Amino acid sequence: MFIGGCFFVKANQAKEFEKKDYGVFLNADASSLERFKMYETIVIDAQYFTKRDIELLHQNGTVVYTYLNIGSIENFREYYTTYAELAIGEYEHWEEEEWVDVANPDWQKFIGQLSQELYEKGVDGFFIDNCDVYYYDPHESIFEGITAILQNMMTFGKAVIINGGDTYVTEYRERYGAIDQIMTGVNQESVWSSIDFDSGTFREQTSETRDYFCKYQMHIYESSRRNRPKDLTLLGKCDGIHYPLNNSSKGGHFCWSRVDIREILYGYENQLKLDNED
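What you see is a predicted model; the values in this text were computed from it and never measured.

Draft legend 1. Representation of the pattern of salt bridges within the structure. Counted under the stated rule, the structure contains eight salt bridges. Between Lys 37 and Glu 34 there is a salt bridge, with its nearest N and O atoms 3.3 Å apart. In this structure Lys 37 comes out as partly exposed when scored by relative accessible area, which is 33%. The residue Arg 77 makes a salt bridge to Asp 45 at a minimum N-O spacing of 2.8 Å.

Draft legend 2. Fine view of the sheet that holds strand β4 (residues 72-74). Overall, antiparallel pairing links the three strands, which are arranged β4-β6-β5 in an open sheet. What marks the edges here is a single partner per strand, and that holds for β4 and β5 (87-90). Neighbour to neighbour, the strand axes of the sheet diverge by 40 degrees on average, direction disregarded. Bridging between β5 and strand β6 (residues 97-100) involves three bridges; their strand directions are antiparallel. Bridge pairing in β6 places Gly 89 opposite Trp 99.

Draft legend 3. Highlighting the packing of aromatic side chains. What the rule picks out here adds up to 19 aromatic pairs. Between Tyr 172 and Tyr 176, the ring centres sit 4.7 Å apart and the planes meet at 55 degrees, which makes this aromatic pair tilted. Of this pair, Tyr 172 and Tyr 176 both sit in helix α8 (residues 166-176), separated by four residues, roughly a single helical turn. The residue whose ring lies beneath Arg 175 is Phe 143, and the NZ or CZ to ring-centre distance is 3.8 Å.

Draft legend 4. Structural view of the confidence of the model for the chain. Counting all residues, the mean pLDDT for the chain is 78, and 73% of those residues have values of 70 or more. For residues 1-16, every residue scores under 50 in pLDDT, and the model assigns this stretch one contact once sequence neighbours within four places are set aside. With pLDDT under 50 throughout, residues 225-275 is counted as low confidence; its partners more than four residues away or in other chains account for 124 contacts.

Draft legend 5. Geometry of the packing of helix α7 (residues 140-154) against α8. The geometry of α7 relative to α8 is characterised by a closest axis approach of 11 Å and an angle of 85 degrees between their N-to-C directions. As the angle between them shows, α7 and α8 are arranged roughly perpendicular. In contact with Glu 140, Phe 143, Glu 144, Ile 146, Thr 147, Leu 150 and Gln 151 of α7, α8 contributes Tyr 168, Glu 171, Tyr 172, Arg 175 and Tyr 176. In terms of residue class, the contact of α7 with α8 is built from six nonpolar, two polar and four charged.

Draft legend 6. Spotlight on α7. Taking 1.5 Å as the rise per residue, α7 with 15 residues should run 21 Å; its terminal C-alpha atoms sit 21 Å apart, in good agreement. When α7 is considered as a whole, its buried residues turn out to be Ile 142, Phe 143, Gly 145, Ile 146, Thr 147, Ile 149, Leu 150, Met 153 and Met 154.

Draft legend 7. Highlighting the environment of Tyr 91. The topology assignment puts Tyr 91 in the loop between β5 and β6. Taking the C-alpha atoms as reference points, Tyr 91 and Val 133, separated by 42 residues in sequence, lie 9.5 Å from one another. Those residues in contact with Tyr 91 that lie beyond four places of it in its chain are Ser 72, Glu 97, Glu 98, Trp 99 and Asn 130.

Conventions we followed
Residues numbered from 1 in each chain as written. Predicted model: local features only at pLDDT ≥ 70, side-chain atom pairs only at ≥ 80, totals over all residues. Heavy atoms only, no water. Salt bridge = Lys/Arg side-chain N within 4 Å of Asp/Glu carboxyl O. Buried < 20%, exposed > 50% of the residue type's maximum accessible area, 1.4 Å probe, protein only. Pairing = 2+ DSSP bridges. Helix = DSSP H or I, 4+ residues; strand = E, 2+ residues; numbered from the N terminus. Axes fitted to C-alpha atoms, helices over the stretch in contact; angles between N-to-C directions. Phe/Tyr/Trp six-rings, centres within 6.5 Å; stacked < 30°, edge-to-face > 60°. Lys NZ or Arg CZ within 6 Å of the ring centre and 35° of its normal. pLDDT = per-residue confidence, 0-100. Contact = heavy atoms within 4.5 Å. Parallel < 35°, antiparallel > 145°, perpendicular 65-115°, else oblique. Nonpolar A, V, L, I, M, F, W, Y, C, P; charged D, E, K, R; others polar. Expected span 1.5 Å × (residues − 1).

Written out as structure tokens, the structure reads:
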């Protein structure tokens, strides 16, 4: 009985300390390091972490990607006033952001320097946001600007994961076929759920949008010349998060489940069967 009791305690301890697969934390700082040890892979904004912080996470066996916003400029960044004049339009629902002119050489140079700094901190890869600026402003100069930034980032030999950016990525794939010159993986929000910005709540995504994003993922999967299937990650399920809408003073963090693209395709196929049965 005593041995059984010990086993029960150990089993519960193992369960308690079992690492979670994936988390995205965009409003965190070094005070969260202990919490991050509970994750296999995380996305953080490494601008607010030191090289030593990332070394400690690596010692724990945690893979660290850094968030990097290349397509918009945020008014809380210390470099905002330097590049504010490059803003080209309002970012709907995100009052602290404006779309930025990625075609501008000064912006491209700055992002290159920032990428170098983050690389030197020892991150395992880049989580690139707001390539959707090409959706907002679909001019050739914007397309070429994004491409130049991404191709430069690829020279570090690290993972480059594009969050969203379907309009740009699809255009690149249609032009050049392979996508391994600009990215090593893709993440997609709002596949199974959508945000009601008026109420600050989540709703089930429409079948039309869900189908579009799933097909987009399949096209990227098929176009990859470099990655193993598990490198193509889809982030579509939001689990109990506090979403920092607009200029909310409460802040919060993003936390998605990491899903293998093969699981998504399998789930998508089964969902289509269910839809057809209804």
